[in-house]
Each structure stands twice: as structure tokens, then as C-alpha cells.
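If you want the building blocks of each chain, they are given just below.
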Amino acid sequence: MSYKSLFTALWSIAEGLGYTPTLGCDLHRTLIESGFPIASFGLAEITSMEGHRDPRREYEVVVKFMCSSVVGAPQRSEAIGSLMESAGRFVALLEEAPTVAAVELLELKPEERLMTVAGECAVSLKIRVESLECSN
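Let me begin by describing the structure that accompanies this report. The written sequence of each chain sets the order in which its residues are numbered from 1. Where totals are concerned, whole chains, interfaces and linings use all residues; where local detail is concerned, this predicted model gives features only for residues with pLDDT of at least 70, and gives and counts side-chain atom pairs only at 80 or more. Values reported for side chains reflect all heavy atoms of the structure, with hydrogen atoms and water molecules removed beforehand.

### Looking at the overall build of the protein chain
So the rule is basically this: In this description a helix means any DSSP run of H or I spanning at least four residues, a strand means any run of E spanning at least two, and both kinds are numbered starting from the N terminus. Restricting the calculation to C-alpha atoms gives the radius of gyration, and the globule rule supplies 2.2 Å times the number of residues raised to the power 0.38. Categorising residues by exposure relies on relative accessible area from a 1.4 Å probe, with only protein chains included: less than 20% of the type maximum marks a residue as buried, more than 50% marks it as exposed, and the intermediate range marks it as partly exposed.
For the protein chain, the helix and strand inventory stands at three helices and six strands. On C-alpha atoms alone, the protein chain measures out to a radius of gyration of 16 Å, which is about the 14 Å that the 2.2 N^0.38 rule sets for 136 residues. Principal-axis analysis of the C-alpha atoms gives the protein chain an extent of 55 × 25 × 25 Å. The burial tally for the protein chain puts 39% of its 136 residues in the buried class.

Here you go:
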């Protein structure tokens with residue numbers, strides 16, 4: 001799985017879950033143009049590369065799932081819970097992608113700081129994705 005095909009898969013899954021995918025550097029533009037919910041992706045890091053004929057690569061990716069801010073602790077807890085469920089479905093769907101060998105959840109937590117002027121609810125998902133490219 002190349003870097004480009006990894007992001008194609010990540011973005012497709014996010015869209016399928018109802019989120020507008022974007023890169024962190026385009027977050028404010030995406031908020032203005034599309035509104036919430038948003039899945040904001042950090043740039044993936046390659047953490048391992050093995051093999052020449054059938055290369056395996058490991059990537060680490062951070063995704064921030066965001067929705068509109070809500071008022072009050074009970075509503076905020078519900079929104080965070082819903083975002084965490086979306087992040088779990090995102091991981092499960094990514095595991096089913098054709099060239100993905102494995103997905104490891106490294107971290108899933110509520111985001112404590114605001115990322116936009118809109119004052120969103122957000123969770124941060126960090127995953128390790130192992131991919132395999134077959135040369136056959």
C-alpha cells in the first residue's frame with residue numbers, strides 16, 4: 001500500500017461514516033466549506049519498511065473525529081461516546097481494506113483542547129497500519 005493509496009482508503013472510510021475528511025492544515029477551510037462532522041488527518045509516518053518483492057510497510061496515523069460543540073456535560077458525554085464509536089468502526093473497516101495486513105489501536109481519547117474557532121467536541125485516534133503490497 002503506497003502512501004497515496006493509504007490516504008485514499010482512510011478518506012473513503014471516513015466519508016462512508018459520514019465525516020468530511022481533511023488534512024489538519026486545511027481544517028479551518030473545511031469547517032467553513034462543509035461544517036461538521038469532520039475527520040482531520042495528520043500526515044502518516046512510515047515507521048517500518050521490509051522486503052523488496054512483497055514489501056510490508058507500517059504507518060502511524062492520527063485522526064481527529066469532530067462534531068459540533070454541545071452545551072452541558074451529559075450531552076457532551078454522549079457526543080464523545082458517539083465519536084469514539086465512530087472511531088472504532090473506522091478501525092474495523094480499515095482492517096477489511098484489501099492491502100491492509102493489520103491495524104493496531106495505539107490510542108483513543110477525548111481531545112482536551114479546541115482545534116477550531118467553532119469549539120467542537122473531538123476525539124483523537126492514533127493507529128498503526130501494516131500494509132502488504134503483492135507484486136504478483
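### Quick notes on helix α1 (residues 3-16)
The criterion, for reference: In this scheme, a helix's expected span is set at 1.5 Å multiplied by one less than its residue total. Taking the helix axis as origin, the arc is that swept by the directions to the C-beta atoms.
The terminal C-alpha atoms of α1, which comprises 14 residues, lie 20 Å apart, in line with the 20 Å expected from a rise of 1.5 Å per residue. Listing the buried residues of α1 in full gives Leu6, Phe7, Ala9, Leu10, Ile13 and Ala14. Along α1, the residues classed as buried sweep out an arc of 160° about the axis, all on the same side. Those residues of α1 that are exposed and angled more than 90 degrees off the buried face are Lys4, Glu15 and Gly16.

### Notes on the packing of aromatic side chains
What counts is decided by this rule: A pair of aromatic rings is counted whenever rings of Phe, Tyr or Trp (Trp by its six-membered ring) have centres within 6.5 Å, and the orientation is called stacked for planes under 30 degrees apart, edge-to-face for over 60 and tilted otherwise.
The full count for this structure, using the stated rule, is seven aromatic pairs. Geometrically, the ring pair formed by tyrosine 19 and phenylalanine 65 is edge-to-face, given 5.2 Å between the ring centres and 75° between the ring planes. Of this pair, tyrosine 19 sits in the loop between α1 and β1 (20-23) while phenylalanine 65 sits in strand β4 (residues 56-67); the two residues are 46 residues apart in sequence, bridging distant segments of the chain. Phenylalanine 65 matches tyrosine 19 in its accessibility class, with the two residues each being buried. Between the aromatic rings of phenylalanine 41 and phenylalanine 90, the centroid separation amounts to 6.2 Å while the plane-to-plane angle is 45°, which identifies the pairing as tilted. Of the two residues, phenylalanine 41 sits in strand β2 (residues 38-41) while phenylalanine 90 sits in helix α3 (residues 73-95), which places them 49 residues apart along the sequence.

### A closer look at the side chain of serine 131
Stated formally: The contact criterion used is simple: two residues touch if any of their non-hydrogen atoms lie within 4.5 Å.
Counting through the fold element by element, serine 131 comes out in strand β6 (residues 121-132). Those residues within four positions of serine 131 in sequence are excluded, and the remaining contacts are Met1, Pro55, Arg56, Arg57, Tyr59, Thr99, Val100 and Ala101.

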